[in-house]
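What follows is the residue order along each chain.
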Amino acid sequence: MRQRKLGSLTVSQLGLGCMGMSEFYGPGDDTESVATVHRALDLGVTLLDTADMYGPFTNERLVGRAIAGRRDEVVLATKFGIQREGSSRRINGHPDYVRRALDASLERLGVDHIDLYYQHRVDTSVPIEDTWGALAEAVAAGKVRHLGISEASPATVRRAHAVHPVTAGQYEYSLWSRDPEARLLGTLRELGIGLVAYSPLGRGFLSGEITSPDQFAPDDFRRNNPRFQGENFARNLDLVAEVRSLAEAKGITPAQLALAWVLAQGDDVVPIPGTKRREYLEQNVAALDVHLTPEDLAALEKLAIGTDVAGTRYPEATMASLDN
């Protein structure tokens, strides 16, 4: 598989998001999930993405089991900063917590270092310089090789980068979530930071396989996501229909078209579509062979999906907690 650069870190052109293997998208199957990770490595996918809050904690353990004996094939990324205790969550960027969270992640993953360690969300009550001071210490100690940040504003990225180089910024980026284009991408490129695109398939909507909220398991978090509710859902289905039409004209799936679009946004952009099944993983990897012509890109731009999508990316309270 071809490679791309996130700052100074070389990774596969496509990564694998592991979150859904343990939570948020209905029941999982650990056996199939481990097989999916193994198949990803066999296909040349090196970047595996997890976080301590997925589960919580269970996804890191799952990924750790899956990569046992194959650690050298993996660029391992995990995150800290969303602290879960029972049903409550808080964003925590205190240096002492950074150190505790890192050591706990290393133990769960069964590794002696993490290749890419992200601040999952910015704690606006703690100076970013303090959080990143602790992260810089972790790099100096050899526990972490590269640092990343997620859902941070351009100003915060600059402040973090001044303490220690930011290798990658992880943001939701897809045909229907194009917020990074407004101010963020320019900042990342000025500083030499790569963009890791999470939810490049619009949390599955852009696959074209979701036709009703009734398809979601009772605990699927999309039931509470504004884009998947009521009139928003119906309106967004119309947008997906247009993507499907363009995909069919090229003889590919809507998901492959959506991934090819993200891949076409620059060699410093690496999508990490999540899946817990080998079948969908293989379909996603096949998107690497899709060539989008200037006419294809113009047709997708004409759809203006990113501006016409109905509903916010997260519920109101979650949106308010983001560093904007």
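Residues numbered from 1 in each chain as written. Predicted model: local features only at pLDDT ≥ 70, side-chain atom pairs only at ≥ 80, totals over all residues. Heavy atoms only, no water.

The chain carries the name Aldo/keto reductase in an unreviewed UniProt entry, which gives Dactylosporangium fulvum as its organism.

Asker: In this structure, what is going on with the overall build of the chain? I would like to understand it.
Answerer: Counting its secondary structure elements, the chain contains 12 helices and 12 strands. Its C-alpha atoms give the chain principal-axis dimensions of about 55 × 40 × 40 Å. Expressed as a percentage of the 324 residues in the chain, the buried residues total 56%. A separation threshold of at least 6 residues defines the contact pool for the chain, and within that pool the share at least 24 residues apart is 76%. Side-chain charges in the chain split into 35 positive and 44 negative, and the spacing between the mean points of these groups amounts to 1 Å. (Helix = DSSP H or I, 4+ residues; strand = E, 2+ residues; numbered from the N terminus. Buried < 20%, exposed > 50% of the residue type's maximum accessible area, 1.4 Å probe, protein only. Contact = heavy atoms within 4.5 Å. Lys, Arg positive; Asp, Glu negative; His and termini not counted. Charge placed at Lys NZ, Arg CZ, Asp CG, Glu CD.)

Asker: What exactly am I supposed to notice about the environment of Phe80 here?
Answerer: Within the secondary structure, Phe80 is located in strand β5 (residues 75-80). Once the C-alpha coordinates of Phe80 and Tyr118 are considered, the two residues, 38 residues apart in sequence, prove to be 6.5 Å apart.

Asker: In this structure, what is going on with the pattern of salt bridges? I would like to understand it.
Answerer: Close approach of charged atoms allows side chains with opposite charge to pair. Taken as a whole, this structure holds 24 salt bridges when the rule is applied. Between Glu137 and Arg99 there is a salt bridge, with its nearest N and O atoms 3.2 Å apart. Of this pair, Glu137 sits in helix α4 (residues 128-140) while Arg99 sits in helix α3 (residues 95-109), and the two are 38 residues apart along the sequence. Ionic pairing is found between Arg313 and Glu172, a salt bridge with its closest N-O pair at 3.0 Å. (Salt bridge = Lys/Arg side-chain N within 4 Å of Asp/Glu carboxyl O.)

Asker: Would you take a moment to explain the nonpolar core for this structure?
Answerer: Looking at soluble globular proteins, one finds that nonpolar side chains tend to be buried together. Grouped together as the largest cluster of nonpolar side chains are 80 residues, with contacts concentrated most on Leu16, Ile67, Tyr117, Trp132, Ile149 and Val157. Ranked by residues supplied to this core, first place goes to helix α8 (residues 254-263) with eight residues. Beyond its immediate sequence surroundings of up to four residues, Leu16 is in contact with Met21, Thr36, Val37, Ala40, Val45, Leu47, Leu48, Asp49, Ile272, Pro273, Thr275 and Leu281. Counting residues in each nonpolar core, the second largest holds 15 residues, with Val11, Tyr118, Ala168 and Ile272 among its members. (Core = buried A, V, L, I, M, F, W, Y, C linked by side-chain atoms within 4.5 Å.)

Asker: Would you take a moment to explain the packing of aromatic side chains for this structure?
Answerer: The geometry of an aromatic ring pair comes down to the distance between the two centres and the angle between the two planes. Per the counting criterion, the structure on display carries 10 aromatic pairs. Measuring from ring centre to ring centre gives 5.6 Å for Tyr25 and Phe221, while their planes differ by 85°; the resulting arrangement is edge-to-face. One end of the pair, Tyr25, is in the loop between β3 (16-17) and α1 (30-42); the other, Phe221, is in the loop between β11 (194-198) and α7 (230-250), with 196 residues separating them in the sequence. Relative accessible area serves as the criterion here: at 19%, Phe221 is assigned to the buried category. Considering the side-chain rings of Trp176 and Phe205, the 5.1 Å spacing of their centres and the 80° angle between planes classify their relative orientation as edge-to-face. With Trp176 in the loop between β10 (168-172) and α6 (184-191) and Phe205 in the loop between β11 and α7, this pair connects stretches of sequence that are 29 residues apart. On the basis of relative accessibility, which here comes to 0%, the residue Phe205 falls in the buried class. Through a chain of ring-to-ring contacts, the aromatic side chains of Trp176, Phe205, Phe216, Phe228 and Phe233 assemble into a single cluster. The ring of Trp176 has Arg227 sitting right over it, with the charged end atom 5.0 Å from the ring centre. (Phe/Tyr/Trp six-rings, centres within 6.5 Å; stacked < 30°, edge-to-face > 60°. Lys NZ or Arg CZ within 6 Å of the ring centre and 35° of its normal.)

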